[in-house]
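A closer look at the structure
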Amino acid sequence: MNRIRAGKDMATLARTDSDHASFAQSGDFGFVSRSQFAPEIGNAVFSLELNQASEPLRDTGGFFLFRVEGKRIQPLEEAQAGIRSNLRQQKLGNVLAKVRSDYPITFNPRYFSESAPAGAATPAQ
């Protein structure tokens, strides 16, 4: 972070110091959406001003530094496929929740006894 604050080029540092797959593109993620990241990272990235670098942000893949080089509003034509997919997922989730509530699963506890039935195979040791 000190090298970035001192003016070192982030693209150069990404090529030489990064373990992330994006190092081949000089660390460039391209245009991203907030939902691509965990909420705390998405919120931090989308609160940055142009050319502002983030503090190190921890994710399951390690630590990341972000710098916003441009902002744009995604045209509806580009967003439609993602919107449709999200709506399908929501609808499927609603249908599954209704099926679960309408047809609850119950188990017969007599079937699941603590001892295995006679003659049942046991795993090899």
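The structure this text deals with has already been given above.
Residues numbered from 1 in each chain as written. Predicted model: local features only at pLDDT ≥ 70, side-chain atom pairs only at ≥ 80, totals over all residues. Heavy atoms only, no water.

**A look at helix 3 (residues 39-46)**
All of the buried residues along helix 3 are Ile 41, Gly 42 and Val 45. On an axial view of helix 3, the arc spanned by its buried residues comes to 100 degrees, and they lie on one face. Those residues of helix 3 that are exposed and angled more than 90 degrees off the buried face are Pro 39 and Glu 40. Check the buried side of helix 3 and you find it contacts strand 1 (57-59). (Buried < 20%, exposed > 50% of the residue type's maximum accessible area, 1.4 Å probe, protein only. Helix = DSSP H or I, 4+ residues; strand = E, 2+ residues; numbered from the N terminus. Arc of directions from axis to C-beta. Contact = heavy atoms within 4.5 Å.)

**Here we look at the packing of aromatic side chains**
Evaluated as defined, the whole model comprises four aromatic pairs. Centroid distance Phe 37 to Phe 66: 5.4 Å. Interplanar angle 75 degrees. Geometry classified as edge-to-face. Of this pair, Phe 37 sits in the loop between helix 2 (10-17) and helix 3 while Phe 66 sits in the loop between strand 2 (62-64) and helix 4 (76-102), and the two are 29 residues apart along the sequence. Each member of the pair Phe 37 and Phe 66 is classed as buried. Seen from their ring centres, Phe 64 and Phe 66 are 6.1 Å apart, and the 25 degrees between their planes marks the pair as stacked. Taken individually, Phe 64 and Phe 66 each receive the classification buried, so the pair is uniform in this respect. If you follow Arg 72 out to its NZ or CZ, it ends over the ring of Phe 31, 4.5 Å from the centre. (Phe/Tyr/Trp six-rings, centres within 6.5 Å; stacked < 30°, edge-to-face > 60°. Lys NZ or Arg CZ within 6 Å of the ring centre and 35° of its normal.)

No statement about biological role is implied by the geometric values presented.
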